Amino acid sequence: MIAPSILAANFAALADEARAVEPAADWLHVDVMDNHFVPNLTIGLPVVTSLRKATPLPLDCHLMIEDPERWAIGYAEAGAHNVTFHAEATGDPVALARDLRAAGTRAGLAIDRDTPVGPYLDILPELDTLLIMTIKAGLGGQRFLPELLEKVRLVRRHARAGHLELRIEVDGGIGEDTIAAAVEAGADTLVAGTAVYGAADPAEAVRRLRGLAVAAATAAAAATGAATAAVDTGR
Ligand code: DX5
Ligand code: ZN
């Protein structure tokens, strides 16, 4: 799945920017930053509530905020399809994931650049989405860090061995030159901000990214003899 990040869109025209990718995107990625967990400050609950009415795209809310226990359920109630909070911001990810699922949304856990994923492998069954940052969270337009794909490989092996229903999402620096590496490592959900909204035609940029992702998944599956089940090729 391709999830354009509206962090790179024109904030004065978010409804139009969402509509621009509707024909091609799977999810719309919404970066919520609070100026505490990360230095940047972006958007919050009222904007998500308004976006929900402006587009049928499922909203993938990525909460880069302190104290997610206080705020995350509000995003579920606002109609988010998936709510991802950061491992570094919570002491009890299982409790919050259960609360999110009970509130009727999907629960995601995000792992920032400097956080190892090993301690979280045991709780993957509690999650719908694991988001592996491929940059340091906080700003769009940063350079992709390929060494962080080792975490994706580890989680993919673990998910496969345990037959887990888990989306493995990558976020940061994903574009035409990096998407194949992320897919080969085992990512099935790809966030792209600059690569989509920096393009003259955002929907066409999504289609090109999807083409590269599908090609990489097909090549990887052929190489390993494995099934392509992890990749949604529905479009
Ligand atoms: C950054 C955000 C990302 C950001 C990615 O912390 O989580 O979602 O929008 O932007 P690009 O694709 O430009 O790296
Ligand atoms: Zn994000």
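Conventions used here
- Residues numbered from 1 in each chain as written.
- Chains lettered and ligands numbered in written order.
- Predicted model: local features only at pLDDT ≥ 70, side-chain atom pairs only at ≥ 80, totals over all residues.
- Heavy atoms only, no water.
- Pairing = 2+ DSSP bridges.
- Helix = DSSP H or I, 4+ residues; strand = E, 2+ residues; numbered from the N terminus.
- Axes fitted to C-alpha atoms, helices over the stretch in contact; angles between N-to-C directions.
- Contact = heavy atoms within 4.5 Å.
- Near = heavy atom within 4 Å.
- Polar contact = N/O pair within 3.5 Å; in protein donor to acceptor, adjacent residues only side chain to side chain.
- Areas by Shrake-Rupley, 256 points an atom, 1.4 Å probe, with all protein chains shown as cover.
- 1 Å grid on protein atoms, 1.4 Å probe; cavity = no way out; pocket = protein on both sides within 12 Å on 5 of 7 lines; lining within 4 Å.
- Sits in = over half its atoms within 2 Å of the grid points.
- Nonpolar A, V, L, I, M, F, W, Y, C, P; charged D, E, K, R; others polar.
- Buried < 20%, exposed > 50% of the residue type's maximum accessible area, 1.4 Å probe, protein only.
- Salt bridge = Lys/Arg side-chain N within 4 Å of Asp/Glu carboxyl O.

Visitor: An account of the sheet that holds strand 8 (residues 189–192) is requested, with residue identities and associated values reported.
Guide: Taken in spatial order, the eight strands of this open sheet run 1-8-7-6-5-4-3-2, and their pairing is parallel. If you trace the sheet from one side to the other, it starts and ends with strand 1 (2–4) and strand 2 (28–33), each paired once. Strand-to-strand, the axes of this sheet are offset by a mean angle of 25°, without reference to chain direction. By the bridge criterion, five bridges tie strand 6 (residues 129–133) to strand 7 (residues 167–171) in an arrangement that is parallel. Paired with Met 133 across the bridge in strand 7 is Asp 171. Most of the contacts of helix 2 (residues 45–54) go to strand 3 (residues 59–64), to which it runs at about 170°, and overall it touches strand 2 and strand 3. With respect to the sheet, helix 8 (residues 202–224) is in contact with strand 1 and strand 8, its orientation differing from that of strand 1 by roughly 150°.

Visitor: So what about the site of ligand 1? Which residues, and what values?
Guide: Not every one of the 21 residues close to ligand 1 is listed here, only the nearest: Ser 5, Gly 138, Asp 171, Gly 193 and Thr 194. A distance of 2.8 Å separates an oxygen atom of ligand 1 from a polar atom in the side chain of Asp 31. Within the backbone of Gly 193, a nitrogen or oxygen atom sits 2.8 Å from an oxygen atom of ligand 1. Burial of ligand 1 by the protein amounts to 99% of the accessible area it has alone, namely 380 Å². The site holding ligand 1 turns out to be the second largest pocket. Going through the elements one at a time, strand 2, strand 3 and strand 8 are the ones with two or more residues in the shell around ligand 1. Examining the composition of the shell around ligand 1, we find that three residues originate from one element, strand 2, more than from any other. Within the shell around ligand 1, the residues separate by chemical class into nine nonpolar, ten polar and two charged.

Visitor: Please set out helix 3 (residues 68–77) residue by residue, giving values where relevant.
Guide: Listing the buried residues of helix 3 in full gives Pro 68, Ala 72, Gly 74, Tyr 75 and Ala 76. Taken together, the buried residues of helix 3 touch strand 2, helix 2, strand 3, strand 4 (82–86) and helix 4 (93–102). A positive phi of about 100° marks Gly 79, the residue just after helix 3.

Visitor: Any chance you could break down the pattern of salt bridges for me, citing the residues and the numbers?
Guide: Opposite charge on two side chains allows them to pair when their charged atoms are near. Under the defined criterion, the tally for this structure stands at eleven salt bridges. Arg 167 is paired through a salt bridge with Asp 188; the nearest N and O atoms lie 3.1 Å apart. Within this pair, whereas Arg 167 is found in strand 7, its partner Asp 188 is found in the loop between helix 6 (179–185) and strand 8, the two being separated by 21 residues in sequence. Accessibility expressed as a relative area gives 24% for Arg 167, which makes it partly exposed. Exposure remark for Asp 188: the relative accessible area of 5% places this residue in the buried category. A network of salt bridges, in which partner residues are shared, links Arg 156, Arg 167 and Asp 188.

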